[in-house]
Amino acid sequence: MAQARKARPISPHLQIWRWGPAMLVSILHRVTGNGLAFAGLGLLLWWIGALASGPESYQSFLDYTWTGAGGRLQAFTAILGKVVLIGLTWAFFQHAASGIRHLILDIGAGYELETNARWSVITIVFSAIATIALWAFLLLR
Amino acid sequence: MGNGTSIGRVRGLGSSHQGTHHWLTSRLTAVGNLVLITFLIVSLALLPDYAYATVRGWVARPLPSIALILIMINTFTHARMGVQVMLEDYIHGEGGKIAAWLLVNIVPFAGAAFGVFSVLRIALGGA
């Protein structure tokens, strides 16, 4: 037994497989989901808690996440805040599109190689377009 | 590993027979989130500005208040299940499993409670 263990084949992992759209979307689904769970829900609680606490807390939330007013720390975190906020909207659109894809796969449809790859690519295209459209609307109106 | 043998049952290994419920609940809350978060994003995007009075005034209205309370429950439930699956995939040590178990069974409930309470404070006019 001990001898046989040495050269046994191991299960291939990320670096072995040739990358394809379905694999990328699967990984993105997990990454965006956990990003939304930790950063997204954390920010949601900070926002609603600040809003409930009064004008000063809400202004402090805005300064740290967006305006950068009030000090050097806020100026720094506001840059991060913009990246995180835009990133979270992208994460939501990607996770939602990929999630709808999962709901369709759950009913047993869309497993043919070409169809599967096409819908995987569409989720990525959709999330990019939706993110750009949302922020264009918010910043340019 | 607990496939029906007596010692397996004593050690608590093997299926807990909760998989289907977990799977179905994660799908159900996913559909809920599609509706609720789309409502949140569209509503926030359509606000005239993001001044304190404007945003608080919006949250205090009945429909946004109810939607936000549902969001606090639904997103935390969905996130809890997703994070649990992620941790199950990557954490193999016994100590880590206990820490993960504490994390997914305490933090989401605390977060959701704080969120619901904050919405209620705004909606019911407390300062």
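Everything below is about the structure shown above.
Just so you know, these numbers come straight off a predicted model, no measurement behind them.

### Concerning the overall build of chain A
In step 1: Of regular secondary structure, chain A possesses five helices and zero strands.
In step 2: For chain A, the N- to C-terminal ordering of α and β elements is α-α-α-α-α.
In step 3: Taken against the 2.2 N^0.38 rule, which gives 14 Å for 141 residues, the C-alpha radius of gyration of chain A at 21 Å runs more than 25% over that of a compact globule.
In step 4: In terms of overall dimensions, chain A has C-alpha extents of about 65 × 40 × 25 Å along its principal axes.
In step 5: Long-range contacts, defined as pairs at least 24 residues apart, comprise 59% of the intrachain contacts of chain A with a sequence gap of at least 6.

### Overview of the overall build of chain B
In step 1: When helices and strands are tallied, chain B shows five helices and zero strands.
In step 2: When the helices and strands of chain B are placed in sequence order, the string is α-α-α-α-α.
In step 3: Relative to a compact globule of 127 residues, whose C-alpha radius of gyration would be 14 Å, chain B shows 20 Å and is clearly more extended.
In step 4: Each of the three principal axes of chain B carries a C-alpha extent, and together these read 65 × 30 × 25 Å.

### Here's the deal with the environment of phenylalanine 39 of chain B
Residue and element names in this part refer to chain B.
In step 1: Mapped onto the fold, phenylalanine 39 is located in helix H2 (residues 19-46).
In step 2: Judged by C-beta crowding, with 16 C-beta atoms within 10 Å, phenylalanine 39 ranks as partly exposed.
In step 3: Separated by 28 residues in sequence, phenylalanine 39 and alanine 67 have C-alpha atoms that sit 8.2 Å apart.

### Brief notes about the interface of chain B and chain A
In step 1: Counting residues at the interface gives 24 residues for chain B, matched by 22 residues for chain A.
In step 2: Taken together, the elements giving at least two residues each to the side of chain B that touches chain A come down to H2, helix H3 (52-60), helix H4 (62-90) and helix H5 (94-123) of chain B.
In step 3: Class assignment for the residues of the side of chain B that touches chain A results in 16 nonpolar, five polar and three charged.

### Here we look at the environment of alanine 79 of chain B
In step 1: In this structure, alanine 79 of chain B sits in helix H4.
In step 2: Overall, alanine 79 of chain B belongs to the buried group, with 24 C-beta atoms counted inside 10 Å.
In step 3: Between the alpha carbons of alanine 79 of chain B and alanine 123 of chain B there is a distance of 25 Å; along the sequence they are 44 residues apart.
In step 4: Sequence-distant contacts of alanine 79 of chain B, defined by excluding residues within four places in its chain, comprise Ala37 and Leu41 of chain A together with Pro108 of chain B.

### Considering helix H4 (residues 72-106) of chain A
For an α-helix, 3.6 residues make a turn, and residues three or four places apart therefore share a direction.
In step 1: Between its first and last C-alpha, H4 of chain A extends 49 Å over 35 residues, near the 51 Å set by a 1.5 Å rise per residue.
In step 2: Within the span of H4 of chain A, buried status applies to Gly81, Ala91, Phe92, Phe93, Gln94, His95, Ala96, Ala97, Ser98, Gly99 and Arg101 of chain A.
In step 3: On its buried face, H4 of chain A is in contact with helix H2 (21-53), helix H3 (55-67) and helix H5 (113-140) of chain A together with H2 of chain B.
In step 4: Glycine 108 of chain A sits one or two residues past H4 of chain A and shows a positive phi near 95°.

### Concerning the packing of H2 of chain A against H3 of chain A
All names here are of chain A.
In step 1: It is the contact of H2 with H3, at a shortest axis distance of 5 Å, that shows an interaxial angle of 150°. Seen from above, H2 lies across H3 with left-handed handedness. On H3, the residues that touch Trp46, Trp47, Ala50, Leu51 and Ser53 of H2 are Ser57, Tyr58, Ser60 and Phe61.
In step 2: Class assignment of the residues belonging to the contact of H2 with H3 gives a composition of six nonpolar, three polar and no charged.

Criteria and cut-off values
Residues numbered from 1 in each chain as written. Chains lettered and ligands numbered in written order. Predicted model: local features only at pLDDT ≥ 70, side-chain atom pairs only at ≥ 80, totals over all residues. Helix = DSSP H or I, 4+ residues; strand = E, 2+ residues; numbered from the N terminus. Rg over C-alpha atoms; globule rule 2.2 N^0.38 Å. Contact = placed C-beta atoms within 7 Å. Buried ≥ 20, exposed ≤ 12 C-beta atoms within 10 Å, placed from the backbone. Nonpolar A, V, L, I, M, F, W, Y, C, P; charged D, E, K, R; others polar. Expected span 1.5 Å × (residues − 1). Axes fitted to C-alpha atoms, helices over the stretch in contact; angles between N-to-C directions. Left-handed = near helix turned anticlockwise from the far one by under 90°.

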